Amino acid sequence: MLEELFLLFSFVTTYRDARGIAWRIDYRVKIFMVVSAWISVLYFKTLLTMVLSTVPVFIYISMTNRRLAKYVLSLSSIPAVIVFLVVVIVSPYPFASITGIIQGFRIGYKVYVMSASSMAFMTTTNPVTVSGMFRRFPRVHDYNIILARLVPLTLKDLSQVIGIQRSLGRPMHRVLFPVTVSTLRRGDELAESLYMRGYGLMSGRSIIREPIGMNIESLFQLLISMICPVISYGILHWV
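What this report covers is the structure whose coordinates are included nearby.

### Thoughts on the overall build of the protein chain
Stage number 1. For the protein chain, the count of helices and strands is 11 helices and 0 strands.
Stage number 2. Along the protein chain, helices (α) and strands (β) appear in the sequence α-α-α-α-α-α-α-α-α-α-α when read from the amino end.
Stage number 3. When each of the 239 residues of the protein chain is scored for burial, the buried share is 41%.
Stage number 4. Across the protein chain, contacts joining residues at least 24 apart in sequence account for 79% of those joining residues at least 6 apart.
Stage number 5. In the form shown here, the protein chain has an accessible surface area of approximately 13900 Å², with 70% of it arising from carbon and sulfur atoms.

What follows is the structure in structure tokens.
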């Protein structure tokens, strides 16, 4: 069960080229959407304003395919539920009180939106295209590509190691060493791959793939990502 969970997390953090509305949206609009959602859940305090300001995230997730949307929404609930339980337990209010539950739900919702928006962005946005923003900063450009590949691969390796350790009847705490070795090996392989492609030989980076640009889907997502937080701000201060 645990190895399957890490495998699913690897699935929702790995970019895969597919046909769909979410893949046709310009990456700069996606970045704006994610940043806007993070700022909104950190700024707004009431559930109404938080939910309203983050509607664009769920609209975007609905633009992906059904299978991906299901995994993103369900897996994002895992850290959210953990945070919710921790907040309810350590809350200064009486245990399981309405005030403590509302506080836990509010903080859990923040974590839920951050997780869902990040996963949806990672699995529908080409990291090479995003790295084009940092082509004048070669190290940042390269680190972004490495992290975009290393995170899902590490989660996949962790899933495989847990499965192997369980099949051998060994305790789960012994996965740390093989996962560390596997991560270092993955890092060396990615470094060699980047070196073979000429990374580090020039001070700048050329654009491998041109941005999609503003189309109808991008304009729609941009508008709702701007309008929803503004409406929430108005509700917070004027209602």
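### Description of the environment of Ile98
Stage number 1. Mapped onto the fold, Ile98 is located in helix 7 (residues 98–124).
Stage number 2. In sequence terms Ile98 and Val88 are 10 residues apart; their C-alpha atoms lie 9.9 Å from each other.

### A short note on the packing of helix 3 (residues 27–43) against helix 11 (residues 216–238)
Stage number 1. Relative orientation of the contacting elements helix 3 and helix 11 amounts to 15 degrees, with a least axis distance of 9 Å. Considered as vectors, helix 3 and helix 11 are oriented roughly parallel to each other. When you trace helix 3 past helix 11, the crossing you get is left-handed. Of the residues in helix 11, those in contact with Val29, Phe32, Met33, Ser36, Ser40 and Tyr43 of helix 3 are Ser218, Gln221, Leu222, Ser225, Met226, Pro229, Tyr233, Leu236 and His237.

### Thoughts on the pattern of salt bridges
Stage number 1. This structure, assessed with the given rule, holds 2 salt bridges.
Stage number 2. One salt bridge in this structure joins Glu217 and Arg24, with 3.2 Å as the shortest N-O distance. Of the two residues, Glu217 is situated in helix 11 and Arg24 in helix 2 (residues 21–24); the sequence distance between them amounts to 193 residues.
Stage number 3. Here Arg24 falls in the partly exposed class, since its relative accessible area comes to 39%.
Stage number 4. Across the salt bridge formed by Arg28 and Asp26, the nearest N and O atoms sit 2.7 Å from each other.

Conventions adopted
- Residues numbered from 1 in each chain as written.
- Predicted model: local features only at pLDDT ≥ 70, side-chain atom pairs only at ≥ 80, totals over all residues.
- Heavy atoms only, no water.
- Helix = DSSP H or I, 4+ residues; strand = E, 2+ residues; numbered from the N terminus.
- Buried < 20%, exposed > 50% of the residue type's maximum accessible area, 1.4 Å probe, protein only.
- Contact = heavy atoms within 4.5 Å.
- Areas by Shrake-Rupley, 256 points an atom, 1.4 Å probe, with all protein chains shown as cover.
- Axes fitted to C-alpha atoms, helices over the stretch in contact; angles between N-to-C directions.
- Parallel < 35°, antiparallel > 145°, perpendicular 65-115°, else oblique.
- Left-handed = near helix turned anticlockwise from the far one by under 90°.
- Salt bridge = Lys/Arg side-chain N within 4 Å of Asp/Glu carboxyl O.

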